[in-house]
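The residues making up each chain are set out below.
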Amino acid sequence: MTDIDSFPSEPDQPKPAPAKILYVDDEPVNLSNFSIVFEDEFTILTASSGEEALKIFRDQKDISIVVADQRMPGMSGVELLERLRNYDPETIRIIITGYTDAADIVDAINRGYVYQYILKPWREDPLRITLQRAIDTHRLQKENRLLSRRLLQVAEEEQKRIARNLHDDFGQVLPALRYSVEKIFNSMDKLPSAVTLEFDKVNNLIERIGDISREIATALRPDILDRMGLMATMEWSIKDFSTRHPEISIEFEVIGIEKPFPPEIETTLFRIFQETFNNIDKHAQATKIEIVMTFIHPQVILTIRDNGVGFEPLKPLTNRSDGSGFGLRGMRERVIAINGTLTIRSKLGLGTIIRAELPL
Ligand SMILES: Nc1ncnc2c1ncn2[C@@H]1O[C@H](COP(=O)(O)OP(=O)(O)OP(=O)(O)O)[C@@H](O)[C@H]1O
Ligand SMILES: [Mg+2]
C-alpha cells in the first residue's frame, strides 16, 4: 500500500447538480429530440427563438452551455451567441449548422463568440462528448477565475495591511524621534555651528522618511480610498497628477446616476485608473486625458482616453526591456476575475483608450 492509499478518504461530497444546457432551435421537433436524448444527464432548457433564449438566460443562473441553431427567423444563432457573450463571457457557446453557413461561423469562431460548431444533423454520441468536454471547460474556467479572484483579494488585503501599518507605525515613531532630537538640541547651549547644521540635517532626514513612508503607503493603497471612496480618490489623484503635469489637460465626467460600489469593484476600478495613469505618465506624452465614468444598469463603465503616442496592440504584451509589462495584463486579469470586460484600443500617433465594463 502506498502512502497515498493510506490517506483517509475524503468525506462524501454532495453530488453536484447536473449542468444546465440551453438549447435554442425554431423547430419544435429538434427541441424535443434534444431533450429526450439528454435530459437524464443534464438539466435541459429549451427556447424556440433568440429572443426567448435571451430572456431565459437573463432569468436563469448557472447556464453552462448554450447550443443554438444557426438558421432561425429573426435573430440568427451567431447573433444570439454574440449577445450572450456580453451577458456572461464564460458560458460555452455552441452553434449547430449546415455546410452552407460555414463562412459566417468561421468568422464567429475566430472572433471568440463561438466555442465550437456541430454539423447538422447531429448524432448523439459525438454530441454527448462535445457537451461533456464543454462542461469540463466551463467548470475549469470558473474555478480558475475564482482562484485568481481570491488571489487578487488576498494581495489587496495584504497591501492594505502594510499601508496601514506603515502609516500607523511611522506616524508614531517619527514625531517621537523628532521630539527627542529637539530635546537634546535644546538641552545644550552654545553649540558650534557645524553641530547645529548636523541637527538640521537630522530633522530634514526625519521629514524625508515621513514623506517616503507616506508615498509608499499611498502607492500600496491610498487610505483616502477606504475613507472617502473611489470618486473622491480619483479627483484627488487627478489633482495630484495635474500639479506634476500642468501641461496635460484632464476632464472627468460622470454619466448616469451614481451608485455605491461593492468593495471589489471599487478596488478594481481604482487599480485600472491607477495603472492607466502610470502608463500615461511613463509612455504616452499626451496633452489631454478624458475620463468618463458611466453608470448604466447593471454596469459601470470606466473609459480613459489619452491623445498620446499610442502603441501597437500586440507588441507591448511580448518581451519588454523598459518595464515589466505587467500593467495591462494585470488589468485584464482583474477585470476577468470579476466577470467584466476590458477593451484596450490604441493607434500609433493617435492615443489610447482603456474601457472597463464591470457588473454593478
Ligand atoms: N497610454 C499609453 N500610451 C502609450 N503607450 C502605452 C500606453 N499604455 C501602455 N503603453 C505601452 O504598452 C506597454 C505595456 O504597458 P504595461 O503597463 O503592460 O507595461 P509597462 O508600463 O511597460 O510596465 P509595468 O506596468 O509592468 O510597470 C508599455 O511599455 C508601453 O509601450
Ligand atoms: Mg504599466
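What counts, and where the lines are drawn
Residues numbered from 1 in each chain as written. Chains lettered and ligands numbered in written order. Predicted model: local features only at pLDDT ≥ 70, side-chain atom pairs only at ≥ 80, totals over all residues. Heavy atoms only, no water. Core = buried A, V, L, I, M, F, W, Y, C linked by side-chain atoms within 4.5 Å. Buried < 20%, exposed > 50% of the residue type's maximum accessible area, 1.4 Å probe, protein only. Helix = DSSP H or I, 4+ residues; strand = E, 2+ residues; numbered from the N terminus. Donors = N, O, S within 2.8 Å, 3.2 Å for Na, K, Ca; no water. Domains from an automatic or database assignment. Contact = heavy atoms within 4.5 Å. Buried area = accessible area lost by both parts, 1.4 Å probe. Salt bridge = Lys/Arg side-chain N within 4 Å of Asp/Glu carboxyl O. Polar contact = N/O pair within 3.5 Å; in protein donor to acceptor, adjacent residues only side chain to side chain. Pairing = 2+ DSSP bridges. Axes fitted to C-alpha atoms, helices over the stretch in contact; angles between N-to-C directions.

Caption draft 1: Inspection of the nonpolar core at higher detail. Counting 32 residues, the largest nonpolar core has Phe261, Leu269, Phe273, Ile291, Met293 and Leu302 as the members making the most contacts within it. Mapped by element, the contributors of at least two residues to this core are helix 8 (230-244), helix 9 (263-284), strand 7 (288-296), strand 8 (299-306), helix 10 (327-337) and strand 10 (351-359). Formed by 22 residues, the second largest nonpolar core is a distinct cluster that contains Leu22, Leu54, Phe57 and Ile63.

Caption draft 2: Layout of the coordination of the magnesium ion (ligand 2). Taken together, Glu275 (OE) and Asn279 (OD1) make up the protein donors of the magnesium ion (ligand 2), found 2.0 to 2.1 Å from the metal. Linking Glu275 with Asn279, this pair stays in helix 9, spanning four residues, or about one helical turn. Asn279 shares its class with Glu275; the two are buried.

Caption draft 3: Region of interest: the domain arrangement of the protein. By the assigned domains, the protein splits into domain 1 (20-122), domain 2 (149-220) and domain 3 (224-359). If you average the C-alpha positions of domain 2 and of domain 3, the two centres end up 31 Å apart. Across the boundary between the two partners, domain 2 contributes 10 residues, which contact 10 residues of domain 3. Overall, the association of domain 2 and domain 3 removes approximately 770 Å² of surface from exposure, summing both partners, and the carbon and sulfur fraction of that is 44%. By the criterion of area lost to domain 3, the three top residues of domain 2 are Arg149, Leu152 and Glu156, representing 60% of everything that side buries. Here domain 2 is connected to domain 3 by four salt bridges. The partner of Asp226 in a salt bridge is Lys160, with the nearest N and O atoms 3.7 Å apart. Seen at the junction of domain 2 and domain 3, the total is five residue pairs in polar contact (both at pLDDT 80 or more).

Caption draft 4: Summary view of the sheet that holds strand 1 (residues 20-24). Ordered in space as 2-1-3-4-5, the five strands form an open sheet in which the pairing is parallel. The sheet is open, and its two borders are formed by strand 2 (43-47) and strand 5 (116-119), each paired with just one other strand. Averaged over all pairs of adjacent strands, the angle between their axes in this sheet comes to 20°, without regard to strand direction. Relative to strand 2, strand 1 runs parallel, the two sharing five bridges. Residue Lys20 lies in a different strand from strand 2, and its bridge partner there is Thr43. Strands in contact with helix 5 (residues 124-187) are strand 1, strand 3 (63-69), strand 4 (92-97) and strand 5; relative to strand 4, the strand with the most contacts, it is inclined by about 160°.

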